[in-house]
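Okay, here's what each chain looks like letter by letter:
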Amino acid sequence: MPVPDERTAYPNPLIPGFNPDPSCVLVDGTYYLVTSTFEYLPALPVYRSADFVTWEHIGNVAVRGEQVGIADVPSAGGVWAPTIRHHDGLFHVIVSVATGPRGCLVFTATDPAGPWSEGTVIDGVHGIDPDLAWDETGRPYVTYSGLHLNGTTVVANRGILQARVDLAAGRVLEEPRQLWSGTGLVAPEAPHLYARDGHWYLLIAEGGTESGHAVSVARGPSIEGPFEGAPHNPLLSASGTDRPVQCTGHGDLVLGPHGEDLMVLLGTRRAGRFSPLGRETYVTGVRWSDGWPCPAPVELAPRPEPLHEHFTFTDPAALADPGWLAVRRTPGEAASLTGRPGTLTLTAAGDGSDTLRPAFVGRRQRHLDSVVEARVEPAAGRGGLCLRFDEEFAVVLLAERSPIGGGLRVTARADVPTMTQSWSTDVPDDRVLLRITTRTPPPGRAPWLSSGDRIRLSVVDATGAESHLAELDGRLWSVESAPFFTGRVTGMYAEDGTVHFTDFRYHGEPRT
Ligand code: 6LW
């Protein structure tokens, strides 16, 4: 089957930073795309584009914890793979809250920037990666992976399942039936249904979301099948290759702005031999041959322009920027902007709840070469910057009153399960600029000398002198070592007491 050599004219990653499991819909010439967010809030970012090149983060589906109910989910549990669709003038996002009490949910909105509904639970859908499609008569179907989880325990994996649903009543209308479930690779999931040229196509992921990830397709005469697999399955996989974008899978098809067919999907990119940003959203071109989709291999084409973000917190609505993330609660619940003008304040609870709900607000690391910095005044507390994968895999840079008299003690600390290491220095100031810099590893290293990116932890004193406390190999804070589902989120953090922050900056450089 011919594999097209088409190169998409779009930046890749399309949506950088941890944005896995993308789903995209075209409505009246505008694209809307949603991705997974796990234990973070707000959940389910909505990105918008008119040309598939420039994407704007216009809001989030779940801006209140109650919508998704993830207050107690384990890290990397929570809000998994959504699907966004539009029907009868209404946007729908269907998603599974894995390991959480709400299960399968459908949110609706007339404006994808929000507000979205509170979410309707769909009883009877025991699985993940739900897709929503309407047949020719307008009847809605949910098609999903029958990976039935009870908390973090896998109860069953029944392959790709489907049932007609009553969206208003929130329930399936029949016993779910099993559909074609791939070529036999592990973890058939991420189903999406499309009607085209008299066929119904069932696109799925299989092989598992890591290095064996693949996209496969089947087609049949009706939305219920029966489905027959394509002769050239899997259509797309980076497994066993040294392609710059790995783990490619979890695709969703959409008509491109030039009338071409496109597939958005997840992928990872490496700094050295490790992938620090997590699974990002990519795009590839799709040609059709003999009535079958043929996606091109995914090309890496990072945006050439740098990105600068500077938050002064003078605007009381600063945390309303949709790119802020907090853990199992919203940024507005985790941080305060009402204490001192131009200052964000974080207060650690200190009652043991900080593990699940840390005093932390951060932003996705979206570039392999990045700088995050903030001016920190620890007052009577201890805090600073945190590069987070989860509560066990984190790198922190903290300031606190020095125990040896005036000034501050600044400590860099590298945490992974069962191991921690720290470095400290004292500065004669009562506030400091803390800086975390990430850089791709130096060129010229032999490919078998695997390494991660470099994470440099620095403090800049009142004279502007920068002291490097530590430089780490970032492999342990990459998806090959840390929890695979998310990615680095770096931001402001209070570990003890109250800490004040001003001038948060994120700078990202395209990898040259
Ligand atoms: C997603 C599923 C998966 O629901 O991971 O490993 C889950 N495969 O497609 C979270 O991304």
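All values derive from a computational prediction rather than experimental measurement. Residue indices begin from 1 for each chain and proceed along its sequence in written order. Side-chain atom pairs in this predicted model are given and counted only at pLDDT of 80 or more, local residue features only at pLDDT of at least 70, and totals for whole chains, interfaces and linings cover all residues. Side-chain measures here rest on the full set of heavy atoms in the structure, leaving out hydrogens and waters.

## What about the overall build of the protein chain?
Inclusion rule: Segments assigned H or I by DSSP are reported as helices when at least four residues long, segments assigned E as strands when at least two residues long, and all are numbered from the N terminus. For a compact globule the rule gives 2.2 Å times the number of residues to the power 0.38, and the radius of gyration it is set against comes from C-alpha atoms. Each residue gets one of three labels from its accessible area relative to the maximum for its type: buried under 20%, exposed over 50%, partly exposed in between, using a 1.4 Å probe on protein chains only. By definition, residues are in contact when any of their heavy atoms lie within 4.5 Å. Values of accessible area rely on a 1.4 Å probe in the Shrake-Rupley scheme; residue burial ignores everything except the protein chains shown. Neither His nor the chain termini are counted; the positive set is Lys and Arg, and the negative set is Asp and Glu. Charge placement uses NZ in Lys and CZ in Arg. For Asp and Glu, CG and CD serve respectively.
Each helix and strand in the protein chain was counted, giving two helices and 39 strands. Rg of the C-alpha trace for the protein chain: 23 Å, near the compact-globule value of 24 Å for 512 residues, within the 12% margin. Viewed in the frame of its principal axes, the protein chain has a C-alpha envelope of about 80 × 55 × 40 Å. Going through the 512 residues of the protein chain one by one, you find that 60% of them count as buried. Partitioning the contacts of the protein chain with sequence separation of at least 6, the portion at a separation of at least 24 is 58%. In the structure as shown, the protein chain presents an accessible area of about 18,900 Å², 51% of it carried by carbon and sulfur atoms. Averaging the locations of the 42 positively and 61 negatively charged side chains of the protein chain gives two centres separated by 4 Å.

## Section: the site of the ligand
Rules: Note on terminology: near, applied to a residue and a molecule or strand, indicates that one of the residue's heavy atoms is within 4 Å of it. Pairs of N or O atoms within 3.5 Å make up the polar contacts considered here, provided that, within protein, one atom can donate a hydrogen while the other can accept it, and that residues adjacent in sequence are counted only when both atoms are side-chain atoms. For this scheme, ten residues count as nonpolar: Ala, Val, Leu, Ile, Met, Phe, Trp, Tyr, Cys and Pro. Four count as charged, namely Asp, Glu, Lys and Arg, and the remainder, Gly too, count as polar.
Close contacts around the ligand come from Asp21, Phe38, Trp80, Ala81, Ile128, Asp129, Glu189, Thr209, His250, Arg279 and Phe485, and that covers them all. Contact between the ligand and Glu189: a nitrogen atom at 2.8 Å from a side-chain N or O atom of the residue. A distance of 2.7 Å is found between an oxygen atom of the ligand and a side-chain nitrogen or oxygen belonging to Arg279. Here the residues of the shell around the ligand are counted per class, giving five nonpolar, two polar and four charged.

## What about the pattern of salt bridges?
Threshold: The salt bridge criterion pairs a side-chain nitrogen of Lys or Arg with a carboxyl oxygen of Asp or Glu, the two atoms within 4 Å.
Scanning the model with the defined rule gives 35 salt bridges in all. Of the charged contacts, one joins Glu56 and Arg48 as a salt bridge, the two residues approaching to 3.0 Å between their closest N and O atoms. A cluster of three or more residues bridged by salt bridges with shared partners is formed by Arg382, Glu400, Arg413, Asp415 and Glu495.

## What to know about the domain arrangement of the protein chain
Where we set the bar: For the domain bounds, the source is a domain assignment made automatically or taken from a database. By buried area we mean the combined loss of accessible area, with a 1.4 Å probe, across both parts when two parts are placed together.
Under the domain assignment, the protein chain is made up of domain 1 (23–295) and domain 2 (307–508). Between domain 1 and domain 2, the C-alpha centre-to-centre distance is 32 Å. Taken over both partners, the interface formed by domain 1 and domain 2 buries close to 3,000 Å², and the fraction arising from carbon and sulfur atoms is 62%. Looking only at domain 1, the three residues that lose the most surface to domain 2 are Tyr40, Phe274 and Pro276, adding up to 24% of its buried area. The tally of links from domain 1 across to domain 2 stands at two salt bridges. Of the charged contacts, one joins Asp72 and Arg357 as a salt bridge, the two residues approaching to 3.9 Å between their closest N and O atoms. Our enumeration of links across domain 1 and domain 2 arrives at 14 residue pairs in polar contact (both at pLDDT 80 or more). Within the residue set of the side of domain 1 that touches domain 2, elements represented by two or more residues are β3 (40–41), β4 (43–49) and β5 (56–62). The element best represented in the side of domain 1 that touches domain 2 is β5, accounting for three residues.

## What about the environment of Glu118?
Structurally, the position occupied by Glu118 is in the loop between β9 (103–109) and β10 (120–121). Between the C-alpha atoms of Glu118 and Gln67, which are 51 residues apart in sequence, the distance is 5.2 Å. Sequence-distant contacts of Glu118, that is, excluding residues within four places in its chain, are made with Arg64, Gln67, Arg102 and Phe107.

## Overview of the environment of Phe18
Note on placement: Phe18 falls in the segment before β1 (23–27). Given a relative accessible area of 0%, Phe18 falls into the buried group. Between the alpha carbons of Phe18 and Asp426 there is a distance of 35 Å; along the sequence they are 408 residues apart. Every residue in contact with Phe18, bar those within four places of it in the chain, is listed here: Ser36, Thr37, Phe38, Tyr40, Leu277, Arg279, Leu325, Arg364, Phe485, Thr486, Gly487 and Val489.

## Here we look at the sheet that holds strand β33 (residues 408–416)
What counts is decided by this rule: Strand pairing is defined by DSSP finding a minimum of two bridges between the two strands. Geometry is summarised by axes, namely lines fitted to C-alpha atoms with helices restricted to the contacting stretch, and by angles between N-to-C directions that run from 0 to 180 degrees.
In space, the six strands of this open sheet follow the order β29-β38-β31-β32-β33-β34, with antiparallel pairing throughout. Where the open sheet ends on each side, the last strands, each with one partner, are β29 (359–364) and β34 (419–427). Taking the axes of each pair of neighbouring strands and ignoring which way they run, one obtains an average angle of 15° across the sheet. Sheet analysis places strand β31 (residues 382–388) next to strand β32 (residues 394–401), joined by seven bridges and oriented antiparallel. What sits directly across from Arg388, in β32, is Ala394.

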